[in-house]
2 protein chains.
Amino acid sequence: MSDDLDIPESHPRYHSLLTRHRIEDGVEKGITSQQGLIAQGRGEAFDYLLGEETIPSADQAARAAAAALLGADQSVLSVNGNVAALVPGETVELAEVVDADIEVNLFNRTEERIERIADHLEEHGATDVKGLTADARIPGIDHERAKVDADGIYSADVVVVPLEDGDRAEALGEMDKTEIVIDLNPLSRSPQVAAIPIIDNVMRAVPNITRHASELAEASDEELTGIVESFDSDAALREAEGKIREPERGEH
Amino acid sequence: MSDDLDIPESHPRYHSLLTRHRIEDGVEKGITSQQGLIAQGRGEAFDYLLGEETIPSADQAARAAAAALLGADQSVLSVNGNVAALVPGETVELAEVVDADIEVNLFNRTEERIERIADHLEEHGATDVKGLTADARIPGIDHERAKVDADGIYSADVVVVPLEDGDRAEALGEMDKTEIVIDLNPLSRSPQVAAIPIIDNVMRAVPNITRHASELAEASDEELTGIVESFDSDAALREAEGKIREPERGEH
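Residues numbered from 1 in each chain as written. Chains lettered and ligands numbered in written order. Predicted model: local features only at pLDDT ≥ 70, side-chain atom pairs only at ≥ 80, totals over all residues. Heavy atoms only, no water.

Structural notes on the overall build of chain A
A tally of regular secondary structure across chain A gives 12 helices and seven strands. Since a compact globule built from 252 residues should have a radius of gyration of about 18 Å, the 17 Å found for chain A is in line with a globular shape. Considering only C-alpha atoms, chain A reaches an extent of 50 × 45 × 35 Å along its principal axes. Relative to its full complement of 252 residues, chain A shows a buried share of 54%. Surface summary for chain A: the accessible area is close to 10800 Å², and the carbon and sulfur share equals 44%. Side chains of chain A give 22 positive and 54 negative charges; the mean places of these two sets differ by 6 Å. (Helix = DSSP H or I, 4+ residues; strand = E, 2+ residues; numbered from the N terminus. Rg over C-alpha atoms; globule rule 2.2 N^0.38 Å. Buried < 20%, exposed > 50% of the residue type's maximum accessible area, 1.4 Å probe, protein only. Areas by Shrake-Rupley, 256 points an atom, 1.4 Å probe, with all protein chains shown as cover. Lys, Arg positive; Asp, Glu negative; His and termini not counted. Charge placed at Lys NZ, Arg CZ, Asp CG, Glu CD.)

Side note on a negative patch on the surface
Taken together, the side chains of A:Glu115, A:Asp119, A:Glu122 and A:Asp128 define an acidic patch exposed on the protein surface. Since its relative accessible area comes to 58%, A:Asp128 is described here as exposed. (Patch = residues over 30% accessible without salt bridge, like charges linked within 9 Å, V, L, I, M, F, W, Y side chains within 5 Å. Salt bridge = Lys/Arg side-chain N within 4 Å of Asp/Glu carboxyl O.)

With respect to the environment of B:Arg204
All names here are of chain B. Residue position: Arg 204 is located in helix α10 (residues 202–215). Owing to a relative accessible area of 21%, Arg 204 belongs among the partly exposed residues under this scheme. The spatial distance from the C-alpha of Arg 204 to the C-alpha of Asp 59 is 9.8 Å, given a sequence separation of 145 residues. What Arg 204 contacts, discounting residues up to four positions off in sequence, is Asp 47, Glu 52, Glu 53, Thr 54 and Leu 184. Reaching out from Arg 204, the side chain makes a polar contact with the backbone oxygen of Glu 52 at a distance of 3.5 Å. A distance of 3.4 Å separates the side chain of Arg 204 from the side chain of Thr 54, its partner in a polar contact. (Contact = heavy atoms within 4.5 Å. Polar contact = N/O pair within 3.5 Å; in protein donor to acceptor, adjacent residues only side chain to side chain.)

Here we look at the pairing of strand β1 (residues 75–79) of chain A
When a strand is regular, its side chains alternate between the sheet's two faces. Residues and elements named next belong to chain A. β1 sits mainly inside the fold: five of its five residues count as buried. Of the two faces of β1, the one lined by Ser 75, Leu 77 and Val 79 and the one lined by Val 76 and Ser 78 are each fully buried. When β1 meets strand β5 (residues 158–162), the two strands line up parallel, connected through three bridges. Looking at the pairing, Leu 77 lines up with Val 160 of β5. (Pairing = 2+ DSSP bridges.)

Here's the deal with the sheet that holds strand β2 (residues 101–104) of chain A
Residue and element names in this part refer to chain A. If you walk across this open sheet you meet the five strands as β2-β1-β5-β6-β7, and the pairing is parallel. Of all strands in the sheet, those bounded by a partner on one side alone are β2 and β7 (196–198). Here the strands of the sheet are splayed against their neighbours by 20° on average, with no regard to which way each runs. Where β1 meets β2, four bridges bridge the pair, whose relative direction is parallel. The residue bridging Val 79 from the neighbouring strand is Val 104, located in β2. Each of β1 and β2 touches helix α5 (residues 88–98); the most contacted strand, β1, lies at about 175° to it. (Axes fitted to C-alpha atoms, helices over the stretch in contact; angles between N-to-C directions.)

Observations regarding helix α8 (residues 166–174) of chain B
Along an α-helix, a turn takes 3.6 residues, which lines up residues three or four apart on a common side. All names here are of chain B. Listing the buried residues of α8 in full gives Gly 166, Arg 168, Ala 169, Ala 171 and Leu 172. Packing partners of the buried residues in α8 comprise α7 (143–146), β5 (158–162), β6 (178–183) and α9 (189–193). The N-cap of α8, judged by a side-chain oxygen 3.2 Å from the amide nitrogen of Asp 167 a few residues on, is Asp 165.

Brief notes about the sheet that holds strand β1 (residues 75–79) of chain B
Residue and element names in this part refer to chain B. Across the sheet, five strands lie side by side as β2-β1-β5-β6-β7; this open sheet has parallel pairing. With partners counted over all chains shown, the strands left at the sheet margins are β2 (101–104) and β7 (196–199), one partner each. Pairs of neighbouring strands in the sheet enclose a mean axial angle of 20°, with direction left out of account. The sheet strands contacting α10 are β5, β6 and β7, and the helix crosses β6 at an angle near 140°.

A short note on the relation of the copies chain A and chain B
When chain A is fitted onto chain B, the two copies agree to an RMSD of 0.0 Å after a turn of 180° and an axial shift of 0.0 Å. Both copies are brought into coincidence by an operation consistent with a two-fold rotation axis. (Least-squares fit on C-alpha atoms with pLDDT ≥ 70 in both.)

Re the interface of chain A and chain B
On the chain B side, the residues contacting the 31 residues of chain A number 31 residues. Carbon and sulfur atoms make up 56% of the area that chain A and chain B hide from each other, which totals about 2500 Å². Contact with chain B buries area across many residues of chain A, yet A:Gln34, A:Ile38 and A:Arg245 alone supply 23% of it, more than any other trio. Inspection of the chain A/chain B interface yields two salt bridges. Here B:Glu44 and A:Arg42 are joined by a salt bridge, their closest N and O atoms 2.6 Å apart. Counting every contact that joins chain A to chain B gives 10 residue pairs in polar contact (both at pLDDT 80 or more). Looking at which element gives the most residues to the side of chain A that touches chain B, the answer is helix α2 (residues 34–50) of chain A, with 12 residues. Broken down by class, the residue content of the side of chain A that touches chain B amounts to 11 nonpolar, nine polar and 11 charged. (Buried area = accessible area lost by both parts, 1.4 Å probe. Nonpolar A, V, L, I, M, F, W, Y, C, P; charged D, E, K, R; others polar.)

Details of the packing of aromatic side chains
One pass over the full model with this rule turns up two aromatic pairs over all chains. The ring of A:Phe107 has A:Arg145 sitting right over it, with the charged end atom 3.7 Å from the ring centre. (Phe/Tyr/Trp six-rings, centres within 6.5 Å; stacked < 30°, edge-to-face > 60°. Lys NZ or Arg CZ within 6 Å of the ring centre and 35° of its normal.)

Considerations on the pattern of salt bridges
All names here are of chain B. According to the stated counting rule, one finds 38 salt bridges over all chains in the structure shown. Between Arg 63 and Glu 215 there is a salt bridge, with its nearest N and O atoms 3.1 Å apart. You can see Arg 63 sitting in helix α3 (residues 56–70) and its partner Glu 215 sitting in helix α10, a full 152 residues away along the chain. The exposure class of Arg 63 is partly exposed, given its relative accessible area of 28%.

Let's talk about unusual backbone geometry
All names here are of chain B. Not every positive phi belongs to a glycine, and Glu 52 is a case in point at roughly 50°. Residue position: Glu 52 is located in the loop between α2 (34–50) and α3. Glu 52 gets classed as partly exposed once you look at its relative accessible area, which sits at 48%.

Focus: the packing of α5(A) against helix α10 (residues 202–215) of chain A
Residue and element names in this part refer to chain A. Contact geometry of α5 with α10 gives a least axis separation of 9 Å together with a crossing angle of 20°. Relative to α10, the element α5 lies roughly parallel. You can see that α5 and α10 cross each other, and the crossing is left-handed. On α10, the residues that touch Glu 90, Thr 91, Glu 93, Leu 94, Val 97 and Val 98 of α5 are Val 206, Pro 207, Ile 209, Thr 210, Ala 213 and Ser 214. A class-by-class count of the residues in the contact of α5 with α10 yields seven nonpolar, three polar and two charged. (Parallel < 35°, antiparallel > 145°, perpendicular 65-115°, else oblique. Left-handed = near helix turned anticlockwise from the far one by under 90°.)

Following this line, the structure appears as structure tokens:
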């Protein structure tokens, strides 16, 4: 994790201060939208109920995601405003480790915001960021929301869509792809339609996928396929929901 | 509820569209902060888990709040950026029905934002909005956060603090006041330290207190005291937590 905050990682509120710092930076740079700030708050509430930690099923999901990415013919990490603000360096690192492309993909799409996000990712080491060509459409959703790059998300066999809208997650899931969703709400549609739902904070999940991918770098195609196939998405969603429903967590 | 949105109240997404419209208006007018938008998202997540409805214990709490306000010697409704954006007209109406003052009280206090919020409330019919004098301090919290009006929150015997910070709610609770908190998270400190915690969306809770106050307008002091004293805040918090923990609500 890049150390862009001037306090030690041992500080008890390090992660929440780092999150706030990155979100504020995102607003300042015009990459985090109003709706992105509200979505961030929704995520905070679910993360609080999850105990602000990577639960075992989310770790297994991250390992399955790493295996799917390493076994892919062509993989793409989709990046929206919040992902760009929260995990720019971590996304670039994951893309390098699993040899994935990065594509900016916004729900409220403007060329200006795509360019700002691409610039922000490039400041964190990304090269050849996709998303501006937008020469293909995801079938089944309305025109503006459907735009993707033909040689990016459209043709990829494995896509990571963190914090994705439910309609788009569903439409992508209906294409012939392995869809990996990162979302903190196990009850929302995006993780429910994903082949691999990771119910975790993107700030924990993205570096965790990278860590698993580094460990699996020498694994055979059979081993990778086995890890993906043995992952049980329904069980993972149930475990996450159970954790959220667990009583007596004490006060905030 | 004032009809500031050009769609019928029967529309299935009326309330969520109205909320979004008011929040966007709040941002445009400089009264909703970045932190306010994130807090709005946290509230949305808890409201979703609550079923986006006023649960019976929240309705009882609203009735107890109405009784406490009607029985008060001096009552104040505290308003921050999100309250001003979400329920400006509803707050003015409640203040009229229970004869309470309105005081702007911000966690991140700037004179400019207080004035904008006071103007916004005045556009919705408020007169004599307090909060700019700031000539008294709530004991036990740091100077900037402690500022209140001597003839407002400081001297009131009943205060309504919707969406209040935990430290301030606790410090206010330690003064000799009946504190009414409106908050969607029953696990957070603010409702836990309140005499009357209302676990509900402010957009439902504020008009609901007004409705109960109208019904109780002719009640005797004994009746009002009886309603306040029979309210069980621990039971209300438990019921709200139970509702949040209730499994299988279906998808978002």
